[in-house]
Amino acid sequence: MSACKVRRDEWIAFMSHELETGREKALSDHLGTCRSCRDEVEDLRALFEEADALGEEARAALASVDWDAIPARIAARLPERAVSTPGFGARFRASVWSPRLRPALAGLLAGIILGGAAAFFALRKPSGRGAASDFFASGEFLDRVELELARRQTLDYLDKGQYLILDVLETPAGSGRPGPDAAASREARDLIASKKYLNPQLDKFGMAKAKELCDQIELLVFELTQLSPEVGAAEVDRIRGMVSDRQLLMKIRLVKKELERSEV
Amino acid sequence: MERRGGQTVGFDREISALMARVKEGDKDAFQDITRRYQRKVFVLAYAFFRDREEALDIVQETFLRLYEKASLFREGEDFQAWLFRIARNLCIDAYRRARHRRVDHVEDARLEALPADGPDCEDAERRADLRALFREVIDRLAAKQRTVFVMKHYNDMPYQEIARTLGIAVGTVKSLHFKAVRNLRKHLGPHMGTAS
């Protein structure tokens, strides 16, 4: 955006009237001289006006409710639910996390961290390329190893995702076996777990395309785990629709090819 | 929206006294508190669901939860922040349940389905589409960004109050608001005729 030094988030704060008076005045003056910042503010104004329009809907809905009747209606449900006395756990948590004790807890935490760090530095073995360690790997080498591991794990994830999708697609519509079987459900849960470990690696190595595809597979897999054994054929058809609409299988093949070619 | 700074000590005492009675099971005090805060909770919930009935369900559940958890409210605590935390958690839970149920077909298709007529085409149909798209993009914001955006623009809450309600730093609120705006602009910019 602008070549000037005003940050974008400052204009958001400006439009939201969240700046101190002096700064607000300075930015207001700046608008008179800076075309790109004026454009920026106009863009934000248009966006906030849309948000306000939705806020109007909320206010219209607010006006349509008989608020005088609501408190009594809710109170009428109270006898069904008793006021709970907090259990020991809740009382303990409430007292431990009370604002009065927070400085003490913060001090304790800082002490543990500092003590741990001091113990680590005092007790660790002296390290050095020559002395205790007989193995040395350069940072660049380690990065390459990590990249290769990320590549293989991504390929593995895509493989498994592809098999699972094919399994779902092969389930005949309206057959006696509408949802994924137990093995497929297990596989789906494994995939969800492995994706958690994959995410930081995909981010670290900027594998944006693979990340986007893995995210789509994750969403699909999540949908699969939500299917109950009694689910109808329509639900499975919906999952099939997600696969075909997003051309997932084709994308998986393409990304796999790219990853296979980029072996470290 | 009432600002914490503008609340008088007397007001705080009044709320504390009412909560003390609620803890004893006093239904009149409970109705009094409900009457004072029901609209604010409704606006927050409505912004999440844009559905009157669903928002009313959240209002009801929030105050029932308030009654159940009244004993956990500590005298001197910021009552509105405490109540909003209950409401926000209920909203997020309900929202996640609803989101998992529905198909997210709209993700790419809907964005592309909008007429690419550009900023000159300002007819009513396009505006309706834009508003619908705006809702969908808000729906897809990460929960925290969405919460902050909703509190800021629909509940008219300042950063300070949002931070207190969510139990996070003001800087984090600013950052979440910035990210929400950036994401909205990214998806809506081309359809609003803005630079994004």
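Predicted model, so just to flag it, every value in this text is computed and none were measured. (Residues numbered from 1 in each chain as written. Chains lettered and ligands numbered in written order. Predicted model: local features only at pLDDT ≥ 70, side-chain atom pairs only at ≥ 80, totals over all residues. Heavy atoms only, no water.)

Any chance you could explain the interface of chain A and chain B here in plain terms?
Interfaces are often sized by the accessible area lost when the parts come together. If you look at the interface, chain A gives 51 residues, while chain B gives 56 residues. Of the roughly 5000 Å² buried at the junction of chain A and chain B (both faces included), carbon and sulfur atoms supply 63%. Across the contact surface, chain A and chain B share 3 salt bridges. The salt bridge partner of A:Asp43 is B:Arg185, with a shortest N-O separation of 3.4 Å. Taken together, the connections running from chain A to chain B amount to 7 residue pairs in polar contact (both at pLDDT 80 or more). Among the elements of the structure, helix H1 (8-15), helix H3 (35-63), helix H4 (70-75), helix H5 (88-96), helix H9 (208-226) and helix H10 (233-245) of chain A are those that each provide at least two residues to the side of chain A that touches chain B. No other element matches H3(A), which puts 17 residues into the side of chain A that touches chain B. When the residues that make up the side of chain A that touches chain B are grouped by side-chain class, the tally is 29 nonpolar, 7 polar and 15 charged. (Contact = heavy atoms within 4.5 Å. Buried area = accessible area lost by both parts, 1.4 Å probe. Salt bridge = Lys/Arg side-chain N within 4 Å of Asp/Glu carboxyl O. Polar contact = N/O pair within 3.5 Å; in protein donor to acceptor, adjacent residues only side chain to side chain. Helix = DSSP H or I, 4+ residues; strand = E, 2+ residues; numbered from the N terminus. Nonpolar A, V, L, I, M, F, W, Y, C, P; charged D, E, K, R; others polar.)

Teacher, can you tell me more about the environment of B:Phe48 here?
Residue and element names in this part refer to chain B. Within the fold, phenylalanine 48 resides in helix H2 (residues 27-49). The buried category is assigned to phenylalanine 48, whose relative accessible area is 2%. Placed 90 residues apart in sequence, phenylalanine 48 and isoleucine 138 show a C-alpha to C-alpha distance of 9.0 Å. Filtering out sequence-adjacent residues up to four positions away, phenylalanine 48 remains in contact with Cys91, Ile92, Tyr95, Arg146, Thr147 and Val150. (Buried < 20%, exposed > 50% of the residue type's maximum accessible area, 1.4 Å probe, protein only.)

Would you take a moment to explain the pattern of salt bridges for this structure?
If charged atoms from side chains of opposite charge come close, those side chains can pair. Residues and elements named next belong to chain A. This model, assessed by the stated rule, comprises 22 salt bridges over all chains. Notably, a salt bridge pairs arginine 151 with glutamate 148, separated by 2.8 Å at the nearest N-O pair. One end of the pair, arginine 151, and the other, glutamate 148, are both in helix H7 (residues 139-170), 3 residues apart, so they sit about a helical turn from each other. Judged by its relative accessible area of 7%, arginine 151 is buried. Put simply, Lys195, Lys211, Asp215 and Glu218 are held in one network by salt bridges that share partners.

Help me out: how do you make sense of a nonpolar patch on the surface in this one?
On the surface, A:Phe141, A:Leu142, A:Val145 and A:Leu149 cluster together into a nonpolar patch covering about 340 Å² of accessible area. Mapped onto the elements, A:Val145 comes out in helix H7. (Patch = residues over 30% accessible without salt bridge, like charges linked within 9 Å, V, L, I, M, F, W, Y side chains within 5 Å. Areas by Shrake-Rupley, 256 points an atom, 1.4 Å probe, with all protein chains shown as cover.)

Would you explain H2(B) in this entry?
In an α-helix, one turn spans 3.6 residues, which is why side chains three or four residues apart end up on the same side. Residues and elements named next belong to chain B. Between its first and last C-alpha, H2 extends only 29 Å over 23 residues, short of the 33 Å set by a 1.5 Å rise per residue. Along its length, H2 shows its largest kink, about 50°, at tyrosine 37. Extensive coverage of H2 is indicated by the burial of 17 of its 23 residues. The N-terminus of H2 is capped by aspartate 26, whose side-chain oxygen sits 2.8 Å from the backbone nitrogen of aspartate 28. (Expected span 1.5 Å × (residues − 1). Bend = angle between axes of the 7 residues up to and from the residue.)

Hey, could you run me through H1(A) in this one?
Residue and element names in this part refer to chain A. With 6 of 8 residues buried, H1 is to be regarded as a mostly interior element. For H1, the full list of buried residues reads Glu10, Trp11, Ile12, Ala13, Phe14 and Met15. Two residues or fewer after H1 comes histidine 17, characterised by a positive phi angle close to 55°.

How should the packing of helix H7 (residues 143-153) of chain B against helix H8 (residues 159-166) of chain B be read in this particular structure?
To characterise two packed helices, one gives the angle between the axes of the helices and the distance between these axes. All names here are of chain B. Look at H7 against H8: their axes get within 10 Å of each other, and the N-to-C directions meet at 135°. With respect to each other, H7 and H8 are oriented oblique. In this structure, H7 crosses over H8, and the sense of that crossing is right-handed. Here Thr147, Val148, Met151 and Lys152 of H7 lie close against H8, whose contacting residues are Tyr159, Ile162, Thr165 and Leu166. Residues belonging to the contact of H7 with H8 are distributed by class as follows: 5 nonpolar, 2 polar and 1 charged. (Axes fitted to C-alpha atoms, helices over the stretch in contact; angles between N-to-C directions. Parallel < 35°, antiparallel > 145°, perpendicular 65-115°, else oblique. Left-handed = near helix turned anticlockwise from the far one by under 90°.)

Help me understand the confidence of the model for chain B in this model?
Low pLDDT means the predicted atomic positions in that stretch should not be read closely. All names here are of chain B. The predicted model of chain B has a mean per-residue pLDDT of 78, with 76% of residues at 70 or higher. The element-level mean pLDDT for chain B is lowest in helix H5 (residues 106-113), coming to 42, with helix H3 (residues 52-69) highest at 93. Ignoring residues within four places in sequence, the model shows residues 1-7, a span with pLDDT below 50, making 21 contacts including any to other chains. Contacts for the low-pLDDT stretch residues 103-121, under 50 throughout, to residues beyond four places or in other chains number 33 contacts. (pLDDT = per-residue confidence, 0-100.)

Looking at this structure, how should I read the side chain of A:Lys195?
Residues and elements named next belong to chain A. Note that lysine 195 resides in helix H8 (residues 182-204). The class for lysine 195 is buried, based on a relative accessible area of 0%. Ignoring anything within four residues of it in the chain, the contact list for lysine 195 reads Tyr157, Cys214, Asp215 and Glu218.

Explain the confidence of the model for chain A here, please?
When pLDDT is averaged along chain A, the result is 76, and 75% of the positions lie at 70 or above. The secondary structure element of chain A with the lowest average pLDDT is H5(A), at 63, and the one with the highest is H4(A), at 92.

Can you help me understand the nonpolar core in this one?
As a rule of thumb, nonpolar side chains are buried together in soluble globular proteins. In this structure, B:Phe42, B:Phe63, B:Leu66 and B:Phe79 are the most contacted members of the largest nonpolar core, which totals 86 residues. Other than its neighbours up to four places away in sequence, B:Phe63 contacts A:Ile74, B:Phe30, B:Ile33, B:Thr34, B:Tyr37, B:Gln38, B:Val41 and B:Leu83. Counting 27 residues, the second largest nonpolar core, distinct from the first, contains A:Tyr157, A:Ile165, A:Ala188 and A:Leu198. (Core = buried A, V, L, I, M, F, W, Y, C linked by side-chain atoms within 4.5 Å.)

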